[in-house]
Structure formats: C-alpha cells, structure tokens
Amino acid sequence: MNPKEAVFRYTLMELLEDEDSTASSDSEDSIEENVLQACMSSCIKGSRNCIKLFFENTVPTYSFEEFKMHFRITRPLFNSLAIKFRDSSEYKSIERHYNTVSYEKQVGLFLWFAGHEACAYRDLADRFDLSLWTVHTIIYRVSRFLSNMSVNVIKWPSLQQRLESEQKFSSKYNFPGVIGSIDGTHVIIDPPNDNKDNYIDRKGNVSICVQGICNERKKIIDIFIGFPGSTHDSRVLKNSPIFSELPTLIEQGHYLLGDSAYPCLPYLIVPYRDNGHLTQSQKYFNKRLSQIRVQIEHTFGLLKQRFRACCVLHNLADQTDLDCFEEAKLEENIQTVYEGREESGKLLRDEICNKIFRNKN
C-alpha cells in the first residue's frame, strides 16, 4: 500500500468509526471494505470518465459574464489573485507532484468550489480532471493562502475611512455618527464529535456563530467566528477580541449600529424595545436605524450566496466591484466589562433620537 492509500484508508476508518450502525460486525466489516475500496480506487491513477481540459480549453472561451457567474469574481481580479498565489509561500512549498497543476488552475478550482454550494470533491475531480487527493490538497493550500491574506483584507478602517463612512451614512439616511453595522449570523457545519447539542441553533441547524461588522459599502471590517450556534449574539460580542477595543477604536461622536440583541453602549447604538408605548420620535429613530442596519444583512447574504462564507474573497470582490474555537468566559466575569456604560449609551441614544426627529424634514 503506498503512502497516499494508507493516509486515505486511515482517514476513512476514522470517519466510519463515528457512524452509528445497528448492523452486525461481519456486515460492518464488509461495508467498510467496500467503501474503502471504492474510495481508494478513485485516488489511484487510472482511466476514468472526466471532463478533459475543461479549465485549459473551455474556461478561456467564457464571456465576461459567464466567467463571473461561475467563478464569482471578474477575470482581472482572478488573474491578480492567481499571481499572488504563485508568489506565495503556500505555492512555492508545493511538492513537485502538484507543480504539474498550474497556479491558475489551482485558484480556479478553489473558486469553483467556493462559488458552488452543492459542489462536492468528486464533482471537482471530474471537472478539473484531478484525483480526489489532489483536489483536497489544493483546497487546503489555497484556503491557507487566503487565510494569510486576511490581515490585509479584513481590517479596521483608518480615521479618514471612518469619516467617509460617517458622511455617507449621514447624507443618505440623516443619521449622524454611524461608521458601520454589527450583527451575527450562522454557518452550517458538520456535527462535531463533542457537545453537538451546543451547536444546534434556533432553526435546528448545526452551526457556528459568525459576528461581522461592515461599512456602507458592504465590506467586512471585522469578523469573529467560532462560538457554537446556540450562543446568543450578545455573548459572542462580549467574548470577541474587538469588544474590549471598541472604546478606543471608535472616537467620541461615532458608533456602530446593532439590533436589540446587543447592549446599548456609547459606541454601539441599538433600537428602542417596542413595548407598545414608543413615542413618534422613537418609532422614527427605529425605522431609520433599521434602514441602515440592513447593510449587514445584505453583506451576510452576499457572503453566503457568493463564496460559501469566504470573507477574504467577499472583500476582494467588493473592491473590484466590477473591484480553533475560543473558550467562552464565565458570564459573571463578562458582565463587568461594560457595567455602568449601558446607561450612558441610552442617554446618547435619546440625544440622537431627538436630533434625528427634529431634522426629519
């Protein structure tokens, strides 16, 4: 058995051990052996049906719109991304065997995978005429390449950029001081081996929480991922690295907008809770806030539809435009982080509410 087969056999055996079955041990052994033989045979080089020279001959004939539809980015951005990958340590460290697959094809394969939610490894292997093992290696390597880019692609805006965001939000929505919106969403994952129930969200899906902050252009300026799907948005915020930094990252007079799941703070303004007794000014304030907050909802929608929640690619595509889970802290310790600030946040909200209502005409 060659090393590739050995590793593949070991991986499959681990997966099969996790499966619950009521079959007899003899039956289980037979099933396992059949699955192993079928999977390994697809890894061993040999004749098989696939699309020959799809990337080499067919993709170059795509029109501008066809290319963008399938790869989710424009061809110029694709070329730029491919060159960055070629010059990266991830590509330069590739074993000689994988150098037979061009850097353009490797990036193309990953984009096809990220942009087609129902696309499985076997589909990619057939379309790009590669073994399952090579497909796995390419996706892993390009994922690492993109992850390494995140520090330069997903970052907090400069003061000048924050001022520009504030001006655009203010002129469009008559809502001063806003530099971005924050919200949480869920990404469905395979059930983990431990504490599965913690990952079941309110919709019954097994997922992890994603906290994002976006600006007026639907670009992600901060992302935090990893808490189990059952975790409340407020708890995710209080455990996120950016929470303790927000008072210094956001200068006085500026703030983020969030929904009622979050606390009302001097740097995070949320809507008034509708208890049936809201004033006209409070209702108007909530309406305006909701109109701005839809930006983050749209951002998450684009992120999931376009790239299977690949945030780096999302930000890069927006620029062209045609541009290890952390352990949760104890709740009682977390509460003291912003204790005493929520009252001042509500006072600021009242000031903003009155100002917006006075200037609504």
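What counts and what doesn't
Residues numbered from 1 in each chain as written. Predicted model: local features only at pLDDT ≥ 70, side-chain atom pairs only at ≥ 80, totals over all residues. Heavy atoms only, no water. Salt bridge = Lys/Arg side-chain N within 4 Å of Asp/Glu carboxyl O. Helix = DSSP H or I, 4+ residues; strand = E, 2+ residues; numbered from the N terminus. Core = buried A, V, L, I, M, F, W, Y, C linked by side-chain atoms within 4.5 Å. Buried < 20%, exposed > 50% of the residue type's maximum accessible area, 1.4 Å probe, protein only. Contact = heavy atoms within 4.5 Å. Pairing = 2+ DSSP bridges. Expected span 1.5 Å × (residues − 1). Arc of directions from axis to C-beta. Axes fitted to C-alpha atoms, helices over the stretch in contact; angles between N-to-C directions. Left-handed = near helix turned anticlockwise from the far one by under 90°. Nonpolar A, V, L, I, M, F, W, Y, C, P; charged D, E, K, R; others polar. Parallel < 35°, antiparallel > 145°, perpendicular 65-115°, else oblique. pLDDT = per-residue confidence, 0-100.

Our focus in this paragraph is the pattern of salt bridges. Scanning the entire structure with this criterion turns up 9 salt bridges. Two residues, Glu-297 and Arg-293, come together in a salt bridge whose shortest N-O distance is 3.4 Å. Placement of both Glu-297 and Arg-293 in helix α13 (residues 280-307) is noted, with a separation of 4 residues, approximately one turn of the helix. Via salt bridges that share partners, Asp-183, Asp-259, Arg-293 and Glu-297 belong to a single interconnected network.

Time to look at the nonpolar core. The biggest cluster of nonpolar side chains holds 50 residues, and the ones touching the most others in it are Leu-81, Leu-124, Leu-146 and Leu-313. Within the residue set of this core, elements represented by two or more residues are α3 (54-58), α4 (64-71), α5 (75-86), α7 (103-115), α8 (121-128), α9 (132-153), α13 and α14 (311-320). Counting residues per element, this core draws most heavily on α9, at 9 residues. Look past the residues within four positions of Leu-313 in its chain and what remains in contact with it is Leu-81, Phe-110, Leu-111, Ala-114, Leu-146 and Phe-307.

This part covers the environment of Ser-147. Position of Ser-147 relative to the elements: it lies in helix α9. Sequence separation of Ser-147 and Val-312 is 165 residues, and the distance between their C-alpha atoms is 7.4 Å.

Here 5 strands make up an open sheet; going across it, the order is β3-β2-β1-β4-β5 and the pairing mixed. The two strands at the open ends of the sheet, each matched to only one other strand, are β3 (220-228) and β5 (268-269).

Let us look at helix α10 (residues 159-173). Taking 1.5 Å per residue as the helical rise, α10 with its 15 residues ought to reach 21 Å, and the 21 Å between its terminal C-alpha atoms agrees with that figure. Listing the buried residues of α10 in full gives Arg-162, Ser-165, Glu-166, Phe-169 and Tyr-173. Along the axis of α10, the buried residues cluster in a sector spanning 100°; they form a single face. Seen from the buried face of α10, the exposed residues on the opposite side, beyond 90 degrees, are Ser-171 and Lys-172. The secondary structure elements touched by the buried residues of α10 are β1 (178-188), α12 (246-249) and α13. Just downstream of α10, Asn-174 is the residue with a positive phi angle, here 55°.

Our focus in this paragraph is the packing of α5 against α7. Geometry of a packed helix pair, given as the angle between the helix axes and the separation of the axes. The contact between α5 and α7 brings their axes to 9 Å, and the two run at 120°. Crossing of α5 over α7 shows right-handed handedness. The segment α5 lies against α7, with Phe-78, Leu-81, Ala-82, Ile-83, Phe-85 and Arg-86 engaging Tyr-103, Glu-104, Gln-106, Val-107, Gly-108 and Leu-111. When grouped by side-chain class, the residues that make up the contact of α5 with α7 number 8 nonpolar, 2 polar and 2 charged.

Below, the discussion takes up the side chain of Asp-222. By secondary structure assignment, the location of Asp-222 is in strand β3. Once residues lying within four places of it in the same chain are set aside, the contact partners of Asp-222 are Ile-154, Trp-156, Gln-211, Gly-212, Ile-213 and Ile-242.

With that settled, the discussion passes to the packing of α8 against α9. Across the interface, α8 lies against α9 with an axial gap of 9 Å and an inter-helix angle of 105°. Classified by the interaxial angle, the pair formed by α8 and α9 is roughly perpendicular. From α8, Tyr-121, Arg-122, Leu-124 and Ala-125 reach across to α9, where they touch Leu-132, Val-135, His-136 and Ile-139. Its residues assigned to classes, the contact of α8 with α9 comprises 6 nonpolar, 1 polar and 1 charged.

Let's shift gears to the pairing of β1. Strand residues, when the strand is regular, have side chains that alternate between the two faces of the sheet. Across the 11 residues that make up β1, a large majority, 9, are buried. The sheet contact formed by β1 and strand β4 (residues 255-257) spans 3 bridges and is parallel. Across the sheet, Val-178 pairs through a bridge with Tyr-255, a residue of β4. Across 8 bridges, the pairing between β1 and strand β2 (residues 207-214) is antiparallel.

Once that is clear, we can look at the environment of Ile-200. Examined against the element boundaries, Ile-200 turns out to sit in the loop between β1 and β2. Take Ile-200: its relative accessible area is 32%, and that puts it in the partly exposed class. Once the C-alpha coordinates of Ile-200 and Gly-229 are considered, the two residues, 29 residues apart in sequence, prove to be 5.6 Å apart. Contact partners of Ile-200, with chain neighbours within four places excluded, come to Asn-205, Val-206, Gly-229 and Ser-230.

What follows concerns α4. Here α4 has its buried residues at Phe-67, His-70 and Phe-71. Projected onto a plane normal to the axis of α4, the buried residues spread over an arc of 80° and lie on a single side. Among the structural elements, α3, α5, α7 and α13 are those in contact with the buried residues of α4. The first or second residue beyond α4 is Arg-72, which carries a positive phi of 70°.

Taken over all residues, the pLDDT of the chain has a mean of 81, while the share at 70 or more is 78%. In the model, residues 6-26 has pLDDT below 50 throughout and makes 19 contacts with residues more than four positions away in sequence or in other chains. Note that pLDDT drops below 50 for residues 40-46; the model gives that stretch 12 contacts with residues more than four away or on any other chain.

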